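Spelled out from the first residue to the last, the chains are:
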Amino acid sequence: MWPSLALPGVLWLVLLFLTPLYAVFAVAMGAPDPIFGGALPAWNPLAWDPGEFGTILGELFTGQLGFVFLRTLIYVAIATFLSLLIGYPVAYYVARHAGRFRVLLLMLIIAPFWINYLMRMLAWVNLLSTDGYVNQILLFVGLLDEPREWLVGKHETVILGLVYGYVPFLILPLFAALDRIDSRVIEAARDLGASPARAFFAVTLPLSSQGILAGCVIVMLPMFGDYYTATLLSGSPRTNMVGKLIEQDILSGAGSGRGAALTVVLMVFVGILMTYYLYSVARASREARS
Amino acid sequence: MAFHPRERSPWRRTMSRREALRLIAGTAAAGGLLAGCGSTPGSSSAPRLVIGTRENPVEQPLFDDRQSIDSGLEPEEGPLRVYNWADYINPAVLKGFTQRFGSEVEVTTFYNSQEAAQKLRTGKISFDVFFPTQDDLPKYVAGKLLQPLNHDYLPNLQKNVWPTLVDPFYDRHSRYTAPYVTYSTGIGWRTDVVSVDVAGMENPWDVFWDPEYRGVTGLYDEYRDALSVGMYRSGITSVNDAKPSDLEKARDNLLELPDLMDIRYTIDGAYSRLPEGNLGLAQAWSGDTLLAIQYVPEGRDPSVLRYLWPPKATQDRVGGMISNDCMAVLANAERPVLAHAFINYVLDTKVALENMSWLGYQPPQKSLDPTSMVDRGLVPETLATAVVAQEDFEMGQITTQLTPEEDSSWQETWSRVQQGG
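Residues numbered from 1 in each chain as written. Chains lettered and ligands numbered in written order. Predicted model: local features only at pLDDT ≥ 70, side-chain atom pairs only at ≥ 80, totals over all residues. Heavy atoms only, no water.

1. Some details on unusual backbone geometry
Residue and element names in this part refer to chain B. Here the bond from Gly 78 into Pro 79 is cis, since omega is 0°, no more than 30 degrees from zero. Structurally, the position occupied by Pro 79 is in the loop between α1 (15-30) and β1 (80-85). For Ser 174, which is not a glycine, the phi torsion comes out positive at approximately 50°. In this structure, Asp 262 is a non-glycine residue whose phi angle is positive, near 50°. (Helix = DSSP H or I, 4+ residues; strand = E, 2+ residues; numbered from the N terminus.)

As structure tokens, this is what we get:
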């Protein structure tokens, strides 16, 4: 009886994950469409042609594509780290010290989601423009001597956009993890003579590591596929992420096979990173327990 | 790379294998799920792309199973279903049609041509009127997605439209299409940012490589438009071919831009970022330039905006693209008579003007030329250069469809440009 409860989940997974994934493979290894361009999906695996993967891997290891992957990785790593730096204190405060304002604060964290992501990014375009508020404020407080051109292919602008766009996703699982920690455990540490800092590092932080892990994975995955942040806040090839190249290939028609192959390569790339990451975190938490 | 990797598999050229694939795709589609990415309906009779050029005009092929409607029929009951680009028709025009014919108009929008093609090819969705670009027409005809027009329902076509586009090179005798709007692709700039005399330059496209305008320059985030600027920079005008040396030249030229110019590839550069002052110099479709006037922030001066189409400014010495969009009736339209009525309605001069006042893009109406449009106050004098005249279609390069192989080469080059470095 119990295993049958998993049926809806399994169905969901097959219909909405495995089938589309198979379709991506079929397009990546499909035959060229003689009329409409792009690739006709090859549904029969015997007809699969891996030529597109050869091209992509060639560009990855000998061409410029490798740098785009590296850039994407660096952006995502920095943005995730910054999100954690910003998100952890917020989640900590809301979970442990916000008192009766908890619900209100949580609402406020989610509030940006009521506005469309594109709208929020377009708002940043205005804020960051040469005579926008960001420059005006920085000039006023004396941090800048002259207006800074934020929107002309600056790495920091794209990373800022990523952090801004995804940080709430990180706060929520962190909040849940921190909220679950039994406060008596921390009180016990303090009773036994630990300083507040020691209690935090020896008790709270390890106990919230699962939340950190979940939060990081949740923000990293969409960041790897993100294409519109860099498109809107920069538009320069200097700051393009892999997602942008995929978008371009797929939207323009002729490149749908190429775009699908690139999607698979990105998936494998992220998959390897995530496996390593999950493995090392799991090992760290095992060691912390023992 | 000497040839495209897809050409390496010999079996691709054999028909039997492809048919086997289609069979498999058909079986899969029976499940309903995969239909969205499945086979082309009715493409069994060896369809072929018929691509015309200005020098070699073509008639698009007719098919026995794609007949036009008979004359003298009454328009069907609505609603009329229109499949169009987003924000590409004045809502007041739709309202006017409803008042006149008593049929509601439902507009469904697509974001790009690829998305439109994919949806239409499923054969599962039925629209009546469709708005393809001129250069995409051959594939829609070959894919048998359109039905021939019956000109008895379209008196306004002969009466109002430029003769060049009543009998256009891409679709002689307007078998499948009526022209919708025209546009050229040129250079837009603000006089308060750009001081150089762009029109007086030996090659106006060179302005995109002038480091004086570093940080304020933008090109379209669209592969054919952007890469063509890379070609025009080197004096190459074969923008409808895919000669490897031309594409390499274009690529190398564009790869200079990120560092030299802090170039930005955007789609809203000409109509939004330029009037807002976010950019000072941008590649621009003429229609975007006319639309830009509406985007100038309140209190700012719209007369700083300028537009230039290099072929016209240099007596056709320097290249530049010009094209038009079309209206067509889909093969599986449920209300084909009403669809014809709609196309004829949009070709009415008054309606066309009402449409342009909102859209910015210009219908190819006989009564409209740069002088008359400035006189009527439709276009400020400073932007008269953004008005397309019939004779402009004799100049520059008219965008035509690339074959799938050529298109792939362009796409690969563009991807390389976007990788930077």
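From this point, the discussion proceeds with the structure in view.
2. Quick word on the pattern of salt bridges
Within this structure, the stated rule accounts for 27 salt bridges over all chains. Its salt-bridge partner being Asp 249 of chain A, residue Arg 258 of chain A comes within 3.1 Å of it at the nearest N-O pair. By relative accessible area, Arg 258 of chain A is classed as buried at 3%. The salt bridge involving Arg 172 of chain B is made with Asp 167 of chain B; its shortest N-O contact spans 3.0 Å. Bridged by salt links that share partners, the residues Arg 238 of chain A together with Arg 214, Asp 259 and Asp 262 of chain B form one connected network. (Salt bridge = Lys/Arg side-chain N within 4 Å of Asp/Glu carboxyl O. Buried < 20%, exposed > 50% of the residue type's maximum accessible area, 1.4 Å probe, protein only.)

3. With respect to the domain arrangement of chain B
Residues and elements named next belong to chain B. Annotation of chain B at the domain level lists domain 1 (80-182 + 323-384) and domain 2 (183-321 + 399-419). Using C-alpha coordinates to define each centre, domain 1 is positioned 26 Å away from domain 2. The partner domain 2 presents 19 residues to the 25 residues of domain 1 that form the contact. Of the roughly 1,600 Å² buried at the junction of domain 1 and domain 2 (both faces included), carbon and sulfur atoms supply 57%. Interface area lost by domain 1 to domain 2 is led by Ser 323, Tyr 361 and Leu 383, which between them contribute 38%. Counting every contact that joins domain 1 to domain 2 gives 6 residue pairs in polar contact (both at pLDDT 80 or more). Secondary structure elements with two or more residues in the side of domain 1 that touches domain 2: α4 (137-142), β5 (177-190), β10 (321-330) and α14 (349-359). The element best represented in the side of domain 1 that touches domain 2 is α14, accounting for 4 residues. Taken together, the residues of the side of domain 1 that touches domain 2 break down into 13 nonpolar, 8 polar and 4 charged. (Domains from an automatic or database assignment. Contact = heavy atoms within 4.5 Å. Buried area = accessible area lost by both parts, 1.4 Å probe. Polar contact = N/O pair within 3.5 Å; in protein donor to acceptor, adjacent residues only side chain to side chain. Nonpolar A, V, L, I, M, F, W, Y, C, P; charged D, E, K, R; others polar.)

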